[in-house]
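A look at the structure
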Amino acid sequence: GELFEEADAFEEEWIAAVAGQLSLYNAASVDSIKVDEAEQRAQLNKLRDVLKLDLSAPKVELEGLTLKRAELLHFQGRKVAELLYASEHGPVALCIVAEPGGEGEGEVESRDGLNFIYWAASGRRFLLIGAAPEERIDALAATIASRLGS
């Protein structure tokens with residue numbers, strides 16, 4: 001079970017790091033991020049190439065959310081795609097790491113006033129986290145999982 005213990009430590013630290021980053025935003029600061037659509041498309045294409053995952057607009061547009069940023073970040077030597085959205089409740093982020101983790105469906109959990117759900121599918125790990133209510137995070141995760149790999 002060594003591999004899984006390592007995976008769990010990564011998962012914990014990754015979730016903590018993203019939660020810390022998101023806590024620096026509030027609804028107004030995320031809303032105020034200017035979006036350049038051409039640049040956003042270019043970024044999504046770059047993330048697609050890194051993750052080998054179709055992140056075209058129809059796949060990443062989520063009802064009630066506005067995509068503000070698509071970035072390639074790095075955490076513990078791994079490449080992490082992060083899509084940052086504005087919502088009526090505040091920031092919501094979808095993060096994807098191109099490496100297998102424990103497969104399976106997560107449950108919504110809470111940390112520092114943020115709700116999150118973590119799952120692994122098709123050799124990738126997904127984390128959806130934000131200042132939205134539990135049932136909203138759950139519903140969004142189901143939509144994302146059905147589009148990007150479940």
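Residues numbered from 1 in each chain as written. Predicted model: local features only at pLDDT ≥ 70, side-chain atom pairs only at ≥ 80, totals over all residues. Heavy atoms only, no water.

**As for the layout of surface pockets**
Stated precisely, the cut-off is as follows: In this analysis, the protein atoms alone were mapped onto a 1 Å grid. Cavities are point sets where a 1.4 Å probe fits without being able to get out; pockets are open sets with protein on both sides within 12 Å along at least five of seven lines; lining residues have an atom within 4 Å of a point. Grid points are joined across faces, edges and corners, and a volume is the space filled by probe spheres set on the points. Numbering of helices and strands runs from the N terminus, with a helix taken as a DSSP run of H or I at least four residues long and a strand as a DSSP run of E at least two residues long. Charged means Asp, Glu, Lys or Arg here, nonpolar means Ala, Val, Leu, Ile, Met, Phe, Trp, Tyr, Cys or Pro, and polar covers whatever is left, Gly included.
Looking at the largest pocket, its volume works out to about 220 Å³. Lining the largest pocket are 13 residues, with Glu37, Gln40, Ala57, Glu61 and Leu67 positioned closest to its centre. Looking at the lining of the largest pocket, the elements with two or more residues in it are α3 (37-51), α4 (57-60) and β1 (66-75). Tallying contributions element by element places α3 first for the lining of the largest pocket, with four residues. Across the lining of the largest pocket, the residue classes break down as eight nonpolar, two polar and three charged.

**Notes on unusual backbone geometry**
Where we set the bar: Think of it in three bands: with a 1.4 Å probe and only protein chains considered, a residue is buried below 20% of the maximum accessible area for its type, exposed above 50%, and partly exposed in between.
Positive phi, normally seen in glycine, also occurs at Gln76, with a value near 50°. Here Gln76 lies in the loop between β1 and β2 (78-87). Exposure remark for Gln76: the relative accessible area of 40% places this residue in the partly exposed category. Backbone geometry places Ser122, a non-glycine residue, at a positive phi of 45°. On the secondary structure map, Ser122 appears in the loop between β5 (114-121) and β6 (124-130).

**Re the pattern of salt bridges**
Put simply, the test is: The rule for a salt bridge is simple: a side-chain nitrogen of Lys or Arg has to be within 4 Å of a carboxyl oxygen of Asp or Glu.
Under the defined criterion, the tally for this structure stands at four salt bridges. With a closest N to O distance of 2.8 Å, Glu99 and Arg78 form a salt bridge. Here Glu99 is found in the loop between β3 (90-97) and β4 (109-111), whereas its partner Arg78 is found in strand β2, with 21 residues between them in sequence. With a relative accessible area of 24%, Arg78 lands in the partly exposed category. As a salt-bridge pair, Arg125 and Glu99 come within 3.2 Å of each other at their nearest N and O atoms. You can see Arg125 sitting in strand β6 and its partner Glu99 sitting in the loop between β3 and β4, a full 26 residues away along the chain.

**A short note on α3**
Cut-off, in case you're wondering: Working rule for helices: expected span equals 1.5 Å times residues minus one. Directions are taken from the helix axis to each C-beta atom, and the arc is the one they span. By definition, residues are in contact when any of their heavy atoms lie within 4.5 Å.
Between its first and last C-alpha atoms α3 spans 21 Å; for 15 residues at 1.5 Å apiece the expected length is 21 Å, and the two agree. Inspection of α3 places Gln40, Leu44, Leu47 and Leu51 among the buried residues, and these make up the whole buried set. Viewed along the axis of α3, the buried residues span an arc of 60°, placing them on a single side of the element. Among the exposed residues of α3, those oriented more than 90 degrees off its buried face are Glu39 and Arg41. Buried residues belonging to α3 abut α4, β1, β2, β3 and β6. Trailing α3 by a residue or two, Lys52 shows a phi angle of about 55°, which is positive.

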